[in-house]
Amino acid sequence: MNLIAAVDENWAIGLNNELLVSIPDDMKYFREHTVGKVIVMGRKTLESFPGGQPLKKRTNIVLTTDQNYKAKDVVVVHSLDELRERLSEYDSKDIFVIGGEQVYRQLLDDCDTAHITKIHYSYQADAYFPNLDEKEEWVIAATSEEHTYFDLEYEFIKYIRKAK
């Protein structure tokens, strides 16, 4: 399985249930990796999308403990066991965990690839991605050249989990 996120220098991903910044090339990168695939998210992540609507051209799966939660055009699961059972129907290479913080942390050990947009800036934040640079089992497999959006510099980094 894959993780995909945009993080700042402190591995922050959001503030008040919103992304820290919207970079068009990062959005394009996200689309290129996830269209036609399965995306896994928490309830708050789905609710942060425009109109709280699922992303088009993807299988949207929401993990929530709220037993009464329902959303149109979304597969809702209520436990990690139920999620894993549902995900077993798909090729793990086609599954992307897209947030938020709790879901990233819960599924980190199930994933072997992370597609990270690393933004060279520190934002005020209240949600964080696990710092892969501090985890010895994760290594950088590829790094893009540095990109600039206005005064922001960022790069696309692919991390992979070392074989056990």
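Please refer to the structure placed before this passage.
Note that this is a predicted model, so its numbers are computed, not measured.

## Observations concerning the layout of surface pockets
Thinking step 1. Its boundaries defined by the atoms lining it, the largest pocket holds a volume of some 1,200 Å³.
Thinking step 2. Thr 45, Ser 48, Ile 98, Gly 99 and Gly 100 are the residues nearest the centre of the largest pocket, which is lined by 42 residues in total.
Thinking step 3. Elements with a contribution of two residues or more to the lining of the largest pocket: strand S1 (2–7), strand S2 (12–15), strand S3 (18–19), helix H1 (24–34), helix H2 (43–48), strand S7 (95–99) and helix H4 (101–107).
Thinking step 4. When residues of the lining of the largest pocket are assigned to their parent elements, the largest contribution, 5 residues, is made by H4.

## Concerning the packing of aromatic side chains
Thinking step 1. For the structure on display, the rule yields 7 aromatic pairs.
Thinking step 2. Ring plane angle 25° and centroid distance 6.0 Å describe the contact between Trp 11 and Phe 129, whose orientation is recorded as stacked. With Trp 11 in the loop between S1 and S2 and Phe 129 in the loop between strand S9 (127–128) and strand S10 (138–143), this residue pair connects regions lying 118 residues apart in the sequence.
Thinking step 3. The exposure class assigned to Trp 11 is buried, which follows from its relative accessible area of 2%.
Thinking step 4. The interplanar angle of 70° and the centroid separation of 4.8 Å between the aromatic rings of Tyr 149 and Phe 150 together place this pair among those described as edge-to-face.
Thinking step 5. Given the relative accessible area of 70%, Phe 150 is considered exposed.
Thinking step 6. Clustering of aromatic rings is evident, with ring pairs tying together Trp 11, Tyr 104, Phe 129 and Tyr 159.

## A few points about the sheet that holds S9
Thinking step 1. The antiparallel open sheet is built from 3 strands, whose spatial order is S3-S2-S9. Here the strands that pair on one side only, and so sit at the sheet edges, are S3 and S9.
Thinking step 2. Two strands pair when backbone bridges link them, and S2 and S3 are joined in this way by 2 bridges, in the antiparallel orientation. Residue Leu 15 lies in a different strand from S3, and its bridge partner there is Glu 18.

## Considering the pattern of salt bridges
Thinking step 1. Using the criterion set out here, one finds 7 salt bridges in the structure.
Thinking step 2. Residue Asp 133 pairs with Lys 118 through a salt bridge whose shortest N-O separation is 3.6 Å. Here the residue Asp 133 occupies a position in the loop between S9 and S10, and Lys 118 occupies one in strand S8 (residues 113–119), the gap between them amounting to 15 residues.
Thinking step 3. A relative accessible area of 46% means that Asp 133 is categorised as partly exposed.
Thinking step 4. Overall, the relative accessible area of 10% leaves Lys 118 in the buried class.

## Regarding empty space enclosed by the protein
Thinking step 1. Throughout the structure, instances matching the rule amount to 1 cavity of 30 Å³ or more.
Thinking step 2. Lining the largest cavity we find Ala 6, Val 7, Asp 8, Ala 12, Ile 13, Leu 19, Leu 20, Val 21, Asp 26 and Ile 119.
Thinking step 3. Mapped onto the lining of the largest cavity, the elements with two or more residues apiece are S1 and S2.

## Remarks on the environment of Gly 100
Thinking step 1. The topology assignment puts Gly 100 in the loop between S7 and H4.
Thinking step 2. Each C-alpha atom of the pair Gly 100 and Ala 5 lies 9.3 Å from the other, and the pair is 95 residues apart in sequence.
Thinking step 3. Beyond its immediate sequence surroundings of up to four residues, Gly 100 is in contact with Ile 13, Gly 42 and Thr 45.

Criteria and thresholds
- All residue numbers refer to positions counted from 1 along the written sequence of the respective chain.
- Two thresholds apply to this predicted model, a pLDDT of at least 70 for residue-level local features and 80 or more for giving and counting side-chain atom pairs, whereas whole-chain, interface and lining totals are computed over all residues.
- Where side-chain values are given, they derive from all heavy atoms of the structure, hydrogens and water being excluded.
- Grid spacing is 1 Å over the protein atoms alone, the probe is 1.4 Å, and a cavity is where that probe fits but cannot get out, while a pocket is an open set with protein on both sides within 12 Å along at least five of seven lines and lining residues have an atom within 4 Å of a point.
- Grid points are joined across faces, edges and corners, and a volume is the space filled by probe spheres set on the points.
- Helix and strand definitions follow DSSP, with helices as H or I runs of at least four residues and strands as E runs of at least two, each counted in order from the N terminus.
- Under the pairing criterion, centres of Phe, Tyr and Trp rings, with the six-membered ring standing for Trp, must be within 6.5 Å; the plane angle then separates stacked pairs below 30 degrees from edge-to-face pairs above 60, leaving the rest tilted.
- Categorising residues by exposure relies on relative accessible area from a 1.4 Å probe, with only protein chains included: less than 20% of the type maximum marks a residue as buried, more than 50% marks it as exposed, and the intermediate range marks it as partly exposed.
- The criterion for strand pairing is that DSSP finds at least two bridges linking the strands in question.
- Take a side-chain nitrogen of Lys or Arg and a carboxyl oxygen of Asp or Glu: if they are within 4 Å of each other, that pair is a salt bridge.
- Contact between two residues is taken to exist if any of their heavy atoms lie within 4.5 Å; hydrogens are not considered.

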